[in-house]
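# What the coordinates show
Chain by chain, the residues:
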2 protein chains.
Amino acid sequence: MKGRILGIDPGLQSTGFGVVEVDGRGLAYVASGTIRTKEAAQSDLPGRLKIIFEGVREVIATYAPDCASVEIVFVNVNPQSTLLLGQARGAALASLVAGGLPVAEYTALQLKKAVVGHGHAKKHQVQEMVARLLQLPGLPGKDAADALGLAITHAHAGASLAAMARVTALAPRTHAQYRRGRTY
Amino acid sequence: MKGRILGIDPGLQSTGFGVVEVDGRGLAYVASGTIRTKEAAQSDLPGRLKIIFEGVREVIATYAPDCASVEIVFVNVNPQSTLLLGQARGAALASLVAGGLPVAEYTALQLKKAVVGHGHAKKHQVQEMVARLLQLPGLPGKDAADALGLAITHAHAGASLAAMARVTALAPRTHAQYRRGRTY
């Protein structure tokens, strides 16, 4: 896998983004940050969704990623919060697909497993591992760390797929044999 | 109030739209329909949100509305459905604000009151009243009827605001007196 991955951690008040470059040697940090709608003068819901949509569009225009990796959000204890989070995620996804990016989706569990190694990792452990993996001089913010973590998760998933593809290319009949349930 | 109003009834499988023209004499039907994602080959969530986003954008490009009126959705008994509906609404709203349209929001209750006259109206009553108010030759579909109803609701609200503005212009001190809680 080669190219730039844009990770997005969607939220109504704060949407994290992180861009990571993947080449033959490994991962490199490109950019990260947060799209905030809290302090916005346009504080109604459509205004906030506009800030998210345009913020993501600007990130795409600036860093020209090849694909996106977005956190799968879950239902909240508060149904109203679920509805608001859903709308924020919908605006972010709309901006990604409008920008022509293929979108992969990962759960927080997959993110933690890929970045820290287990699913029980705390927020600060994700921040520390992201900083280490990308050789950052300091800890990224929580939303930006999650976004960078999502990009790393997708890079790892892509690398695994690529590794599988290589194995398949080397021994093309192995899979066919397995699928057919008999050997030649 | 004058101009074209685009009503949107958002949903993940089916998003209704309806365009109504308001002039000095009343309301006129322009167009209505449904953006469907059910039969789509791109049936994953980002693919469906893309269809909604681009469908709304196409409606805007085709009918050039001046503003939009969108139904306020509520939490569902099923939290997962709430999350999906939220994302559909987020994509629709993103398309509207990306298209530069000011967005008004109304509840289903406000829609029924504005169109039928009371909040207990059934779906088919909304369809019948929309057909009568816009002099349609037949009943519009349910999603399209709701969308046209939202446009009508906004036209009525706009007309009321305009009427209030006229009253205020005629007697500008009335409001000031009321606010200050005393008379001069």
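These numbers come from a predicted model, not from an experiment.

Another aspect to go through is the sheet that holds strand S1 (residues 3-9) of chain B. Hydrogen bonding along the main chain pairs the strands of a sheet, whether they run parallel or antiparallel. All names here are of chain B. The strand order S3-S2-S1-S4-S5 describes an open sheet built from 5 strands, whose pairing is mixed. With one partner strand each, in any of the chains shown, strand S3 (26-36) and strand S5 (103-106) form the two edges of the open sheet. Here the strands of the sheet are splayed against their neighbours by 20° on average, with no regard to which way each runs. Relative to S3, strand S2 (residues 14-23) runs antiparallel, the two being bridged by 10 bridges. The partner of Asp23 across the bridge, within S3, is Gly26. Against the sheet, helix H2 (residues 79-98) engages S1, strand S4 (67-71) and S5, with an angle of about 170° to S4.

Here chain A sits on chain B after a turn of 180° about the axis and a move of 0.0 Å along it, with an RMSD of 0.0 Å. Both chain copies can therefore be described as sitting about a two-fold axis. Comparing contact sets, 100% of the residues at the interface of chain A also lie at the interface in chain B, consistent with an isologous, same-surface contact.

We now examine the interface of chain A and chain B. As a measure of interface size, the accessible area lost when the parts come together is often cited. Contacts between the two partners involve 23 residues from chain A, matched on the other side by 23 residues from chain B. Regarding the contact of chain A and chain B, the summed buried area is about 2000 Å², with carbon and sulfur atoms giving 77% of it. Contact with chain B buries area across many residues of chain A, yet Pro46, Leu83 and Val97 of chain A alone supply 27% of it, more than any other trio. On inspection of chain A and its partner chain B, the count reaches 4 residue pairs in polar contact (both at pLDDT 80 or more). At the level of elements, helix H1 (45-63), helix H2 (79-98) and strand S5 (103-106) of chain A are the ones that each hand at least two residues to the side of chain A that touches chain B. A breakdown of the residues in the side of chain A that touches chain B according to their chemical character gives 15 nonpolar, 5 polar and 3 charged.

On to the environment of Ala144 of chain B. All names here are of chain B. Turning to its location among the elements, Ala144 is positioned in helix H5 (residues 142-170). For the pair formed by Ala144 and Ser95, sequence separation is 49 residues and the distance between their alpha carbons is 18 Å. Residues in contact with Ala144, not counting those within four places in the same chain, are Gly16, Phe17, Ser32 and Gly33.

What follows is about unusual backbone geometry. All names here are of chain A. Phi is positive for Gln135, which is not a glycine, with a value near 50°. Residue position: Gln135 is located in the loop between helix H4 (123-133) and helix H5 (142-170). Residue Gln135 is classed as exposed on the basis of its relative accessible area, which comes to 71%.

The next thing to look at is the sheet that holds strand S1 (residues 3-9) of chain A. Residue and element names in this part refer to chain A. The sheet built from 5 strands is open, its strands ordered S3-S2-S1-S4-S5 with mixed pairing. Single-partner strands in this sheet number two, and they are strand S3 (27-36) and S5. On average, each strand axis in the sheet is tilted by 20° relative to the strand beside it, whichever way the strands run. Sheet topology places strand S4 (residues 67-71) next to S5; 4 bridges connect them, and they run parallel. Counterpart to Val70 in the pairing with S5 is Glu105. Relative to the sheet, H1 contacts S1, strand S2 (14-22) and S3, its axis offset from that of S3 by approximately 155°.

Rules of the game
Residue positions within a chain follow its written sequence, with the count starting from 1. Naming scheme: in the order in which they are written, chains are lettered from A and ligands are numbered from 1. Where local features are concerned, this predicted model is filtered to residues with pLDDT of at least 70; where side-chain atom pairs are given and counted, the filter is 80 or more; whole-chain, interface and lining totals use all residues. Side-chain metrics rest on all non-hydrogen atoms present in the structure, leaving aside hydrogens and water. In this description, strands pair whenever DSSP reports at least two bridges between them. Elements are defined by DSSP. Helices are runs of H or I of four residues or more, strands are runs of E of two residues or more, and each kind is numbered from the N terminus. Angular values range over 0 to 180 degrees, each being the angle between N-to-C directions of two axes fitted as lines to C-alpha atoms, with helices fitted over their stretch in contact. Residue contacts are counted whenever heavy atoms from the two residues lie within 4.5 Å of one another. Fitting of the copies onto one another was done by least squares over C-alpha atoms, counting residues only where both copies have pLDDT of at least 70. Each of two parts loses accessible area, computed with a 1.4 Å probe, when they are put together; buried area is these two losses added. Definition of a polar contact: a pair of N or O atoms within 3.5 Å, with one able to donate and the other able to accept a hydrogen when the atoms are protein atoms, and with sequence-neighbouring residues admitted only if both atoms are side-chain atoms. Gly is put with the polar residues, along with every residue not named as nonpolar or charged; the nonpolar set is Ala, Val, Leu, Ile, Met, Phe, Trp, Tyr, Cys and Pro, and the charged set is Asp, Glu, Lys and Arg. Relative accessibility decides the category of a residue: with a 1.4 Å probe and only protein chains considered, values under 20% of the type maximum give buried, values over 50% give exposed, and everything between is partly exposed.

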